[in-house]
Amino acid sequence: MDLPAEPGSDEFENVIFILENPVTKHNLEQLAFHDDVLPEAMNEEAWAMPAYLSEGFNLFFIFAQNMGSNWTVTFAQVTIENGNEITSMTNVVPTGTGFNAVAHVNRHASIELLAYFETLAGNGVGHWEMGH
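Residues numbered from 1 in each chain as written. Predicted model: local features only at pLDDT ≥ 70, side-chain atom pairs only at ≥ 80, totals over all residues. Heavy atoms only, no water.

### Quick word on the overall build of the chain
Logical step 1: Of the regular secondary structure elements, the chain holds two helices and seven strands.
Logical step 2: From first element to last, N terminus to C terminus, the chain shows the α and β order β-β-β-β-β-β-α-α-β.
Logical step 3: A buried classification covers 39% of the 132 residues belonging to the chain.
Logical step 4: Put simply, 48% of the contacts in the chain that link residues at least 6 apart link residues at least 24 apart.
Logical step 5: Surface exposure of the chain reaches about 7500 Å², of which carbon and sulfur atoms provide 47%. (Helix = DSSP H or I, 4+ residues; strand = E, 2+ residues; numbered from the N terminus. Buried < 20%, exposed > 50% of the residue type's maximum accessible area, 1.4 Å probe, protein only. Contact = heavy atoms within 4.5 Å. Areas by Shrake-Rupley, 256 points an atom, 1.4 Å probe, with all protein chains shown as cover.)

What follows is the structure, encoded as structure tokens:
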């Protein structure tokens, strides 16, 4: 990661992970998390996948074209009821904000998230940029 901000820092809050290509059903395998979890279509313009699930704090990756023409990976907090029903979702936050939120509640999970993004970057699927 070649950024002027360290994960977990206040400066990291606005960091965005930019995808090199739009998400489609044909490239989902590139985005697999924990080997077998793949993004699912929310609608024609966005995909979602669990990033961190716990009692009272559930964070999903949101893959969408939400920074000009760029597809990004952002995060949204969700409410899950009855074990698997998503009943509400917050507005998306930058990649760094979601990462830092997980880092505050579970250091091990934040290391897994960072490794996930670094693997995507290493495979040419995306890259980090400082947000505005």
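### Some remarks on the nonpolar core
Logical step 1: Core analysis: the biggest nonpolar cluster contains 30 residues, and Leu19, Phe61, Phe63, Tyr116 and Phe117 have the highest contact counts within it.
Logical step 2: Among the secondary structure elements, those contributing two or more residues to this core are strand S1 (15–19), strand S3 (46–54), strand S4 (57–67), strand S5 (70–81), helix H1 (95–105) and helix H2 (107–122).
Logical step 3: If one sorts the elements of this core by residue count, H2 sits on top with five residues.
Logical step 4: Excluding anything up to four places from it in sequence, phenylalanine 61 contacts Phe33, Trp47, Ala48, Met49, Pro50, Ala51, Val73, Thr74, Phe75, Leu113, Tyr116 and Phe117.
Logical step 5: Formed by seven residues, the second largest nonpolar core is a distinct cluster that contains Ala46, Phe60, Ala64 and Val78. (Core = buried A, V, L, I, M, F, W, Y, C linked by side-chain atoms within 4.5 Å.)

### Digging into the environment of asparagine 123
Logical step 1: Summarising the element assignment, asparagine 123 is placed in the loop between H2 and strand S7 (126–130).
Logical step 2: You can call asparagine 123 exposed: its relative accessible area is 58%.
Logical step 3: Once the C-alpha coordinates of asparagine 123 and glutamine 30 are considered, the two residues, 93 residues apart in sequence, prove to be 8.6 Å apart.

### Observations regarding the side chain of threonine 72
Logical step 1: Mapping threonine 72 onto the fold places it in strand S5.
Logical step 2: A polar side-chain atom of threonine 72 sits 2.3 Å from a polar atom in the side chain of asparagine 66.
Logical step 3: The residues touching threonine 72, leaving out its near neighbours within four places in the chain, are Ile16, Phe17, Ile18, Leu19, Ile62, Phe63, Ala64, Asn66 and Met67. (Polar contact = N/O pair within 3.5 Å; in protein donor to acceptor, adjacent residues only side chain to side chain.)

### Quick look at the packing of aromatic side chains
Logical step 1: With the rule as written, the count across this model stands at 14 aromatic pairs.
Logical step 2: For the pair phenylalanine 17 and phenylalanine 117, a centre-to-centre distance of 5.0 Å together with 50 degrees between the ring planes defines the contact as tilted. With phenylalanine 17 in strand S1 and phenylalanine 117 in helix H2, this pair connects stretches of sequence that are 100 residues apart.
Logical step 3: Under the relative-accessibility criterion, phenylalanine 17 is labelled buried at 0%.
Logical step 4: When the ring of phenylalanine 33 is compared with that of tyrosine 116, the centres are 4.9 Å apart and the planes differ by 75 degrees; the resulting orientation is edge-to-face. Of this pair, phenylalanine 33 sits in the loop between S1 and strand S2 (40–41) while tyrosine 116 sits in helix H2, and the two are 83 residues apart along the sequence. Just as phenylalanine 33 is buried, tyrosine 116 falls in that class too.
Logical step 5: An aromatic cluster of at least three residues, connected via ring pairs, comprises Phe12, Phe17, Phe33, Phe61, Phe63, Phe75, Phe99, Tyr116, Phe117 and Trp128. (Phe/Tyr/Trp six-rings, centres within 6.5 Å; stacked < 30°, edge-to-face > 60°.)

Keep in mind that these numbers describe shape and distance, not what the molecule does.
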